[in-house]
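Structural overview for review
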Amino acid sequence: FLFPYRTNIGTPGREPDSPLPPINERLAYLRPSRELLEFYRQKIAQFDEEHEELLQMLEKYKGITDDQHKLQWEVRQREEEITELQNALSDMQVYLFQEREQSLRLYAENDRLKIRELEDRKKIQHLLALVGPDAGEITYFHREPPHKVEALQAQMEEQTRLAKEQVESLMEDRRIKTEEAQAQRHRDQERITALTDKLKQTQNLLYESTRDFLQLKFSTRAHEKSWMVEKDRLLRELDTCHNRLRKTGSSGGELGRTWQPSSSTAPLLPRSQPESQKTHKEELKALQEDLKQAHRLAEMYREQCITLETELAQIREEGDVGREIFKERSDKMAKRLQLMTQRYEALEKRRVMEVEGFKTDLKHLRQKFKDVEKQLLKATLNIGPNQDLAILHEQVPGEMQRMRTLKSGWQLLKSSCEGAAKQVNTSTSRNYSQLPLQGPSSFGLLFDIDGVLVRGRTPIPAAKQCFRNLVDRNGKYKVPVVFVTNAGNCMRQTKAEHLSHLLEVEVSPDQVMLSHSPLRMFTQFHKMHVLVSGQGPVEEVARILGFQDVVTIDMVREAYPLLDVVDHNRRPKDSIPPTKGLRPIDAVILFGEPIRWETNLALIVDVLQTNGNLDNAWGSMRYPHIPVLACNMDLLWMAEAKNPRFGHGMFLVCLENLYKKVTGYELKYEALIGKPSVVTYNYAELLIRQQAERLGWSTPVKRLYAIGDNPMADIYGANLYDRYLRASQRVKAQMQAKSGGGGMDPLAECSILVCTGVYSRDQQELPADPTHTVTKQQIFHGHRDFRFDPTLTQPSFVVQDVKEAVELVFQQEGWPL
């Protein structure tokens with residue numbers, strides 16, 4: 001449809017004197033399709049998106065470049081600091097040599113004064129001889145004073161040594177500077193390589209950009225040609241339509257006033273020949289400018305290449321010089337290596353001779369070990385297989401004799417563990433997993449608490465279900481159960497009530513064994529005046545254990561207020577308070593980690609140094625005269641935190657190192673109680689047998705299962721006690737074989753490691769093969785007095801939690817759960 005031109009309508013975009021219709025009418029006349037308009041809208045949106053992406057990439061590259069420049073600046077700053085420090089070190093060495101030269105001059109002056117004194121004495125003696133005889137000392141010299149030559153020789157040696165040290169220092173400075181030069185040369189080489197790669201990339205990018213520009217320019221010209229052809233076609237169609245309208249004569253008057261191209265429509269019509277030539281000239285001029293720019297860039301790149309080649313030649317020359325220097329140093333190092341080889345051969349010969357001497361000493365030590373073993377056999381001849389249990393149960397006066405025997409046996413096993421490991425079956429690494437099942441047997445369970453049943457005040461979910469399976473409908477335990485923990489800052493009744501509440505089963509105080517529970521058997525200390533350390537009701541705990549005369553750290557601090565001065569806020573402010581005085585302390589008992597470590601460490605060292613009498617000054621002794629008993633050796637324990645926390649074992653480490661630092665000697669313990677001590681597991685065995693009697697079992701307990709989370713405490717102690725049982729059973733079997741007695745019921749202990757406490761498979765993985773053990777490179781968290789044996793940290797089984805551990809035990813023993 002065609003719309004006639006109306007001159008009486010003012011439309012935006014129309015010129016006042018233009019014969020052309022407005023833009024809207026021309027668009028309506030041409031009638032562009034909707035698809036074409038949508039296509040151009042999409043193109044515009046696409047161009048905007050590409051523009052935003054290019055801006056974002058530009059900002060990103062700018063940030064990366066800034067970070068790179070910042071890092072390079074920091075590296076240069078660090079290199080400058082290193083250079084300054086090296087210069088300061090060289091200056092300090094120069095100052096040191098100057099001071100030493102000054103010292104030598106002073107020594108020489110001193111020697112000259114001594115020589116002058118001797119000469120003066122000689123003159124005085126000569127004058128006295130001229131005056132008359134004197135009964136005093138007369139000194140005669142032959143030629144020169146005797147000390148003059150020695151003083152000159154000493155000065156010469158000192159000067160020689162100083163010169164040698166100066167030469168060595170200068171050589172060391174030269175070596176450092178050579179290494180720095182080589183490092184700088186290497187960095188320059190890497191920088192040249194990187195710059196060369198960047199130059200190549202820039203040239204490639206320039207080539208690709210130029211090619212893309214020419215391609216786009218060619219495409220633009222092709223599009224312009226197609227647009228001109230399309231315009232010509234549309235104009236021809238327009239003329240044809242006008243001719244048709246004239247022939248019809250429907251509106252000849254008005255249609256005769258056809259519109260002529262004006263200035264606004266001129267760009268839409270084909271250009272004239274002069275304008276086309278002018279455009280071609282402008283394009284040719286632009287191409288010539290581009291060609292000149294390309295020639296200038298080529299000249300610049302050529303100059304840069306020549307400069308880089310010159311620098312490369314210089315670097316190669318420096319490299320040749322460096323290789324010569326390296327060759328000289330290599331020759332010197334070869335000579336030095338030859339000298340060191342000769343010294344090593346001499347040392348190897350000396351080592352062989354020392355090994356022969358050590359072998360002879362080992363033979364003597366083995367003979368002494370055999371003698372001690374014979375004495376141990378004689379000391380244990382009169383003890384039957386169950387007599388020790390009766391002694392512990394009744395606590396008769398003869399119980400301490402057995403404890404001394406056990407202690408001697410343990411010290412013997414500790415000192416000769418390597419030899420005993422070859423004679424005794426020490427395969428405690430998962431050995432019970434291969435035991436044949438011969439029907440239901442009697443056994444007992446030893447549970448650790450922290451990390452196995454609870455973590456802090458939160459019970460482990462598998463623990464409740466586990467103990468529901470261990471009791472019957474009446475709440476009675478199916479097997480003997482003892483809770484063995486290294487906690488010692490509470491009472492058994494409190495711990496039993498806490499476990500009953502968390503596990504939702506009845507736990508009696510007789511089933512709870514704290515770290516200090518075996519102290520009931522140490523009756524020789526019960527009447528002594530003992531000092532206890534720890535936190536909680538330690539005084540009440542000590543009295544329940546049988547100690548009659550107890551003093552705490554707070555009492556000592558109150559009696560001697562000037563001894564606790566680490567914390568400035570706790571020091572006496574106004575006047576010096578008087579000391580109250582205490583009776584001499586006879587023993588020290590360490591229940592657990594205290595709250596104020598500095599106070600406990602200082603006062604305990606004071607007690608040990610004064611032999612228990614704080615009114616005296618520190619003494620000098622190799623070992624403290626008063627005995628020290630420690631009840632907990634756990635270095636780490638698992639609380640509610642993500643990582644394990646320090647335990648009483650860490651406090652013992654501090655005390656031992658502090659005592660050795662002050663006195664120069666090792667701190668010796670009268671007894672170490674708590675896991676992994678053999679005394680603790682022996683007392684746990686006594687509690688298990690007592691519970692078996694309450695359950696009405698007629699057969700003795702044959703196997704103990706220790707379930708714990710700490711390889712260095714629970715597993716180490718269980719395997720150590722199993723080794724002790726096997727050695728004791730072997731000794732008893734030999735004695736019964738000699739005496740013609742019958743057999744005995746063997747007792748064994750099995751260790752089970754859970755992954756809910758200190759041990760975690762993510763942090764530490766045990767060998768998959770049961771015959772393999774952990775290596776000695778593993779960090780030993782046990783106590784100082786326990787020799788690290790990797791086989792003792794290897795559990796019999798590794799399970800996920802305590803529920804899986806109990807199910808495994810019942811399956812091994814053939815019991816229904």
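Residues numbered from 1 in each chain as written. Predicted model: local features only at pLDDT ≥ 70, side-chain atom pairs only at ≥ 80, totals over all residues. Heavy atoms only, no water.

**Description of the pattern of salt bridges**
To be explicit about the condition: By salt bridge we mean one thing: a side-chain nitrogen of Lys or Arg within 4 Å of a carboxyl oxygen of Asp or Glu. Only DSSP runs of H or I reaching four residues or more are called helices, and only runs of E reaching two or more are called strands; each is numbered from the N terminus. For the exposure calls, accessible area comes from a 1.4 Å probe over protein chains only, and a residue counts as buried if that area is under 20% of its type's maximum, exposed if over 50%, partly exposed in between.
In total, this model carries 31 salt bridges according to the counting rule given. A salt bridge links E81 to R78, with the shortest nitrogen-to-oxygen separation between them at 4.0 Å. Pair noted here: E81 and R78 are both in helix α2 (residues 34-131), with a separation of three residues, about one helical turn. Its salt-bridge partner being R187, residue E79 comes within 3.4 Å of it at the nearest N-O pair. In this pair, E79 sits in helix α2 while R187 sits in helix α3 (residues 146-248), placing the two residues 108 residues apart along the sequence. Judged by relative accessible area, which is 29%, E79 ranks as partly exposed. If you follow the salt bridges from partner to partner, you end up with R100, E158, R161 and E165 in one network.

**Looking at the nonpolar core**
To keep it simple, the criterion reads: Residues belong to a common nonpolar core when they are buried Ala, Val, Leu, Ile, Met, Phe, Trp, Tyr or Cys residues joined through side-chain atoms within 4.5 Å. We call two residues in contact whenever any of their non-hydrogen atoms come within 4.5 Å of each other.
Counting residues in hydrophobic clusters, the biggest one holds 52 residues, and the most contacted among them are L446, L531, V588, L590, I604 and L608. With eight residues, helix α15 (residues 678-694) is the largest single contributor of residues to this core. Setting aside chain neighbours within four positions, we find V588 in contact with L531, I604, V607, L608, I626, P627, V628 and L629. Counting 38 residues, the second-largest nonpolar core is a separate cluster that includes L445, L453, V479 and A805.

**Focus: the pairing of strand β14 (residues 748-754)**
Here is the rule we go by: Here the rule is simple: two strands pair whenever DSSP picks up at least two bridges between them.
Of all seven residues in β14, seven are buried, a share of seventy percent or more. Here β14 shows no split at all, with A748, C750, I752 and V754 on one side and E749, S751 and L753 on the other all buried. In this sheet, β14 lies alongside strand β13 (residues 703-708) in parallel orientation, the contact comprising six bridges. The residue bridging A706 from the neighbouring strand is S751, located in β14. Of the strand pairs in this sheet, β14 and strand β15 (residues 797-799) are connected by three bridges, and their pairing is parallel. Bridge pairing links L753 to V798 in β15.

**Quick notes on the confidence of the model for the protein chain**
We apply this condition: Values of pLDDT, ranging from 0 to 100, describe the predictor's confidence in every residue of the model.
When pLDDT is averaged along the protein chain, the result is 77; 77% of the residues meet or exceed 70. Contacts of residues 412-440 to residues separated by more than four positions or lying in other chains number 61 contacts, the stretch itself having pLDDT below 50.

**Remarks on a negative patch on the surface**
What counts is decided by this rule: A patch consists of residues whose relative accessible area exceeds 30% and which take part in no salt bridge; residues with like charges are grouped when within 9 Å of each other, and nonpolar side chains (Val, Leu, Ile, Met, Phe, Trp, Tyr) when within 5 Å. Using a 1.4 Å probe, accessible areas were evaluated by the Shrake-Rupley method; residue-level cover was limited to the displayed protein chains. Asp and Glu count as negative and Lys and Arg as positive, but His and the ends of the chain are not part of the count. Charge positions are represented by NZ for Lys, CZ for Arg, CG for Asp and CD for Glu.
Together, D48, E49, E50, E52 and E53 give the surface a local cluster of negative charge. Locating E53 in the fold gives a position in helix α2.

**Structural notes on helix α14 (residues 648-663)**
Residues three or four positions apart in an α-helix share a direction because the helix packs 3.6 residues into each turn. As a reminder of what qualifies: The span you would expect from a helix comes to 1.5 Å times its residue count less one.
For α14, with 16 residues, the first-to-last C-alpha span of 22 Å sits near the 22 Å given by 1.5 Å per residue. Along α14, the residues classified as buried are H648, G649, M650, F651, L652, L655, E656, Y659 and T663. Packing partners of the buried residues in α14 comprise β8 (587-590), α13 (597-609), β9 (628-630) and β11 (645-646). Of the residues trailing α14, G664 is marked for its positive phi of about 90°.

**Let's talk about the sheet that holds strand β7 (residues 549-552)**
Note the threshold: Axis angles are defined between N-to-C directions and span 0 to 180 degrees, where every axis is a line fitted to C-alpha atoms and, for a helix, only to the segment in contact.
Judged by pairing direction, the sheet is parallel, and its five strands sit side by side in the order β7-β6-β8-β9-β12 without closing on themselves. Strand pairing shows two members of the sheet lacking a second neighbour, β7 and β12 (671-672), which therefore form its edges. Taken together, the two bridges between β9 and β12 define a ladder with parallel strand orientation. By the bridge assignment for β12, L629 is matched with A671. With respect to the sheet, α13 is in contact with β6 (529-533), β8 and β9, its orientation differing from that of β8 by roughly 155°.

**Considerations on unusual backbone geometry**
Negative phi characterises most residues that are not glycine, and trans characterises most peptide bonds. Here K675 and P676 are connected by a cis peptide whose omega angle stands at 10°. You will see that E504, though not glycine, has its phi angle at about 65°, which is positive. With respect to the helices and strands, the residue E504 is situated in the loop between α10 (492-503) and β5 (512-513).

**Brief notes about a positive patch on the surface**
A contiguous patch of positive charge, built from K359, K363, R366, K370, K374 and K738, is present on the exposed surface. Looking at the positive patch element by element, the count peaks at five residues for helix α5 (residues 273-379). You can call K738 exposed: its relative accessible area is 73%.

**Quick look at helix α11 (residues 538-545)**
Inclusion rule: Comment: arc refers to directions from the helix axis out to C-beta atoms.
Every buried residue belonging to α11 is among V538, V541, A542 and L545, and all of these are buried. The buried residues of α11 occupy an angular sector of 100° when projected down its axis, which confines them to one face. Tucked into the core, α11 has its buried residues touching β6 and β7. Backbone geometry just downstream of α11 places G546 in the positive-phi region, at approximately 115°.

**Observations concerning a nonpolar patch on the surface**
A cluster of nonpolar side chains, namely L54, M57, Y61 and I64, defines an oily patch on the protein surface of about 420 Å² accessible area. Tracing the sequence through the fold places Y61 in helix α2.

**Focus on the packing of helix α9 (residues 461-470) against helix α17 (residues 802-813)**
The line we're drawing: Note that the term roughly parallel is reserved for angles under 35 degrees, roughly antiparallel for angles over 145, roughly perpendicular for angles of 65 to 115, and oblique for everything else. Classification used: nonpolar for Ala, Val, Leu, Ile, Met, Phe, Trp, Tyr, Cys and Pro, charged for Asp, Glu, Lys and Arg, polar for all others including Gly.
Packing of α9 against α17 leaves a shortest axis separation of 7 Å and a crossing angle of 30°. If you check the angle between α9 and α17, you find them roughly parallel. Between α9, through A462, A463, Q465, C466 and L470, and α17, the contact on the second element is made entirely by V802, K803, V806 and F810. Across the contact of α9 with α17, the residue classes tally to seven nonpolar, one polar and one charged.

**Side note on the sheet that holds β13**
Here six strands make up an open sheet; going across it, the order is β5-β4-β1-β13-β14-β15 and the pairing parallel. Each of the sheet's edge strands pairs with one partner strand only, and the pair in question is β5 and β15. Pairing of strand β1 (residues 443-447) with strand β4 (residues 481-484) involves three bridges; the strand directions are parallel. Its bridge partner lying in β4, F447 is registered against F483. α17 rests against β1, β13, β14 and β15 of the sheet, and its axis sits at about 165° to β13.

**Overview of the environment of A487**
With respect to the secondary-structure elements, A487 resides in the loop between β4 and α10. Using a relative accessible area of 21% as the deciding quantity, one classes A487 as partly exposed. Along the primary structure A487 and H516 are separated by 29 residues, whereas in three dimensions their C-alpha atoms are 8.4 Å apart. Other than its neighbours up to four places away in sequence, A487 contacts K495, L514 and S515.

**What to know about the packing of aromatic side chains**
Worth spelling out the cut-off: Centres within 6.5 Å make a pair out of two Phe, Tyr or Trp rings, where for Trp the six-membered ring is used; the pair is then stacked when the planes are under 30 degrees apart, edge-to-face when over 60, and tilted otherwise.
Applying the stated criterion across every chain, the model contains 12 aromatic pairs. For the pair F443 and W815, a centre-to-centre distance of 5.2 Å together with 80° between the ring planes defines the contact as edge-to-face. A residue pair is termed long-range when its members are at least 10 positions apart, and F443 in strand β1 and W815 in the segment after α17 qualify at 372 residues. Since its relative accessible area comes to 0%, F443 is described here as buried. An aromatic cluster is defined as three or more aromatic residues linked by ring pairs; in this entry it consists of F443, W697, Y705, F810 and W815.

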